[in-house]
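Now for the letters of each chain:
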Amino acid sequence: MSTITLDKKQMIKTLNNISENGLKVFDDNYQIDNNSENPDAIVVRSFHMHDLTFGDELKAIARAGAGVNNIPVEKCTEQGIVVFNTPGANANAVKELVLTTIMASSRNLFDGVAWAKALDNETEDLSKLVEAGKKQFVGTEAKGKTLGVIGLGAIGALVANDALNLGMDVIGFDPFISVDTAWNLSRNVKRAATIDELFQHSDYITVHVPLTDDTKGMFNSGSFSLMKQGVQILNFSRGELVNEKDMSQALEEGTVARYITDFPNANVLKMKNVIPIPHLGASTKESEDNCAVMAARQIKDYLETGNIKNSVNFPNASLPYTGKKRVATFHQNVPNMVGQMSSAISSFDLNIADMVNRSRGEYAYTMIDIENDVNGDIIPNLERKISQIEGVVTTRII
Ligand SMILES: NC(=O)c1ccc[n+]([C@@H]2O[C@H](COP(=O)([O-])OP(=O)(O)OC[C@H]3O[C@@H](n4cnc5c(N)ncnc54)[C@H](O)[C@@H]3O)[C@@H](O)[C@H]2O)c1
Ligand SMILES: O=C(O)CC[C@@H](O)C(=O)O
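All residue numbers refer to position in the chain's written sequence, counted from 1. Here every chain gets a letter starting at A, and every ligand a number starting at 1, in the order they are written. In keeping with the model being predicted, local features are shown solely for residues with a pLDDT of at least 70 and side-chain atom pairs are shown and tallied solely at 80 or more, while totals for entire chains, interfaces and linings include all residues.

Looking at the overall build of the protein chain
Cut-off, in case you're wondering: Only DSSP runs of H or I reaching four residues or more are called helices, and only runs of E reaching two or more are called strands; each is numbered from the N terminus. Whether a residue is buried, exposed or partly exposed follows from its count of other C-beta atoms within 10 Å of its own C-beta, namely 20 or more, 12 or fewer, or something in between, respectively; the C-beta atoms are built from the backbone. Note that contacts rest on C-beta atoms placed from the backbone: two residues are in contact if these are within 7 Å.
Counting its regular elements, the protein chain contains 14 helices and 16 strands. Principal axes of the C-alpha set define a box for the protein chain whose edges measure 90 × 50 × 35 Å. By the burial criterion, 39% of the 398 residues in the protein chain qualify as buried. Counted over contacts in the protein chain with a minimum sequence separation of 6, partners at least 24 positions apart contribute 64%.

Quick word on the sheet that holds strand β3 (residues 41-44)
We count it as follows: A pair of strands is considered paired only if DSSP assigns at least 2 bridges between the two. Fitted lines through C-alpha atoms serve as axes, helices being fitted only where they are in contact, and the angles separating the N-to-C directions of these axes extend from 0 to 180 degrees.
A sheet is described by the order of its strands in space; here five strands give the open sequence β2-β1-β3-β4-β5, paired in parallel fashion. Looking at strand neighbours, the two that pair on one side only are β2 (30-32) and β5 (82-84), the edges of this open sheet. Looking at each pair of strands side by side, their axes are set apart by 20° on average, direction ignored. In this structure, strand β4 (residues 60-63) lies alongside β5, joined through three bridges in parallel fashion. Paired with I61 across the two strands is V83, which belongs to β5. Each of β1 (10-14), β3, β4 and β5 touches helix α12 (residues 285-305); the most contacted strand, β4, lies at about 160° to it.

Some words on the sheet that holds strand β14 (residues 352-360)
Two orientations exist for strands paired in a sheet by backbone hydrogen bonds: parallel and antiparallel. Taken together, the four strands give an open sheet; going across it, the order is β14-β15-β13-β16, and neighbouring strands pair in antiparallel fashion. Two strands lie at the open edges of the sheet, namely β14 and β16 (392-397), each paired on one side alone. Between one strand axis and the next, the sheet turns through 10° on average, direction left out of account. Taken strand by strand, helix α13 (residues 337-346) contacts β13 (326-332), β14 and β15 (363-370), and its axis lies near 30° from that of β15. Against the sheet, helix α14 (residues 378-387) engages β13 and β16, with an angle of about 165° to β16.

Some remarks on the site of ligand 2
Quick reminder of the rule: What makes a residue near a molecule or strand is its C-beta atom, placed from the backbone, lying within 6 Å of it. Nonpolar residues are Ala, Val, Leu, Ile, Met, Phe, Trp, Tyr, Cys and Pro. Charged residues are Asp, Glu, Lys and Arg, and all others, Gly as well, are polar.
As a structural note, the neighbourhood of ligand 2 is formed by R45, S46, G65, A66, G67, N90, G281, A282 and S283. Along the lines of polarity and charge, the residues of the shell around ligand 2 split into two nonpolar, six polar and one charged.

Some remarks on the site of ligand 1
Not every one of the 33 residues close to ligand 1 is listed here, only the nearest: G67, G151, G153, F176 and G281. Listing elements by their share of the shell around ligand 1, those giving two or more residues are α3 (91-106) and α6 (154-165). The element contributing the most residues to the shell around ligand 1 is α6, with three residues. Within the shell around ligand 1, the residues separate by chemical class into 17 nonpolar, 12 polar and four charged.

Details of the nonpolar core
Let me state the cut-off plainly: Only buried residues count toward a nonpolar core: Ala, Val, Leu, Ile, Met, Phe, Trp, Tyr and Cys, linked into one set through C-beta atoms within 7 Å.
If you look at the biggest cluster of nonpolar residues, it comprises 97 residues, and the most contacted ones within it are V43, A60, I61, A160, A295 and I299. With eight residues, α12 is the single largest residue contributor to this core. In this view, A60 contacts A41, I81, V82, F84, I299, Y302 and L303; residues no more than four positions away in its chain are not counted.

Overview of the domain arrangement of the protein chain
Rule in force here: By convention here, the domain bounds are inherited from an automatic or database domain assignment.
For the protein chain, the domain assignment lists domain 1 (1-90 + 284-314), domain 2 (91-104 + 140-276) and domain 3 (315-398). One C-alpha centre belongs to domain 1, the other to domain 2, and the line joining them spans 31 Å. Every contact between the two is made by eight residues of domain 1 and, on the other side, eight residues of domain 2. Across the side of domain 1 that touches domain 2, the residue classes break down as one nonpolar, six polar and one charged.

Brief notes about the packing of α3 against α6
Spelled out, the test is: Angles are sorted into four bins: roughly parallel if under 35 degrees, roughly antiparallel if over 145, roughly perpendicular if 65 to 115, and oblique for all others. Note on convention: the crossing is left-handed when the near helix lies turned anticlockwise from the far helix by less than a right angle, right-handed when the turn is clockwise.
In the contact formed by α3 and α6, the axes pass within 9 Å of each other and the chain directions differ by 45°. Considering their axes alone, α3 and α6 lie oblique with respect to each other. The chirality of how α3 crosses α6 is right-handed. Judged by residue contacts, A91, N92, V94, K95, V98 and L99 of α3 engage A154, I155, L158, V159, D162 and A163 from α6. In terms of residue class, the contact of α3 with α6 is built from nine nonpolar, one polar and two charged.

Observations regarding the packing of α13 against α14
Where α13 meets α14, the axes come as close as 10 Å, and the angle between the chain directions of the two elements is 155°. Judged by the angle between their axes, α13 and α14 are roughly antiparallel. When the axes of α13 and α14 are compared, the crossing they make is right-handed. Contact with α13, carried on its side by M341, A344 and I345, involves L382, K385 and I386 of α14 and no other residues of that element. The class makeup of the residues in the contact of α13 with α14 is five nonpolar, no polar and one charged.

Observations concerning the pairing of β1
When you tally the buried positions in β1, you get five out of five residues, the bulk of the element. A two-sided burial pattern is seen for β1, the buried positions comprising Q10, I12 and T14 on one face and M11 and K13 on the other. Here β1 runs beside β2; their pairing, made up of three bridges, is parallel. Note on β2: the bridge partner recorded for I12 is I32. Looking at chain direction, β1 and β3 are connected through three bridges and run parallel. When the bridges of β3 are listed, I12 appears paired with A41.

Right, here's the structure in full:
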């Protein structure tokens, strides 16, 4: 990370509780101001941002976490605001809670503990009561059972590998699995050719996919009808992956024996055999630090150098930062944009030292380093000239 002095202090706003270790990444060039109406960047966790209006200084939003469904990503793209997330930074925390709850649920631990806490501690011979009562909480073991893992990304792959070590048979489904994950996945994880195959063979199903139009409601009466009677379902991804009406019925009928969810709401809390967890998947000190540090570093790098890593809406792009003036432009992915930017630069008698151009769908991002020392007056004029090119969404001279 470069040590750069910026012309103007950058305002950072946080919309949730962000770990101090992450905020410490922002040095003297930055001011954390949670009342700012027009910050340069926002760090967020689960805060619902869809109803917010963004100020004209806002350049970046970083989600300290994985899911970005709380951020209006499309609107950000149209306004030239880069959105980051922190892939894998909280995966271990979620994995540990998934494996914990598989075993805790199978051993009826939550009910057993609640029962024991409610015992009258004044009762004589409490131990007799305990021994008599424990038969109602006899459980089953995870060993030898089949765990279906839907989504083999950062979390799903860790869960799948470690469940094998618990003696479970593991079957996975992910039609878009990345090459990196495939390399890290144990060859003992069986591959389901279709999601239906996974539904049919699993005693436990855990889901680790993002919430999208395709995944919304993927647990519904159709999928429940394929599952083994008494399957246990774990949802540490997003509540909306489950059709609540259908889940409620499947729990009533016993098709689903347990629904363990990190996303309780009024409907979920009324369901039979539900284990509601208050969105604790990523709530560990380590995970909160990892996510916040990664989010803050990505914002800092982008504001100081224009380099982009782990964006969900801009192309990732990197050019070694030399301290020369850099023109960083987000624009439509149409012919002759680089040509027009180069002409604008040469019209000020400036020469190009280096450049990178990356596209992502309808948009592209170009960074051009200028060889000459650029006199202060030229900067606003060059910025104006580039921003007037048709198809340019935003441009900055760093
Ligand atoms: N409960 C929590 O606190 C918590 C914490 C972290 C993440 N999450 C949720 O978990 C999700 C997954 O996190 P991650 O870090 O593993 O993300 P990831 O991007 O590393 O992995 C997601 C995987 O899902 C796969 N996928 C996408 N659509 C699919 C489909 N239709 N069927 C099967 N696989 C599909 C992708 O190919 C990818 O491999 C996040 O999007 C977020 O919503 C929740
Ligand atoms: O910030 C959190 O605690 C939850 C994060 C989680 O939902 C995610 O998608 O990464």
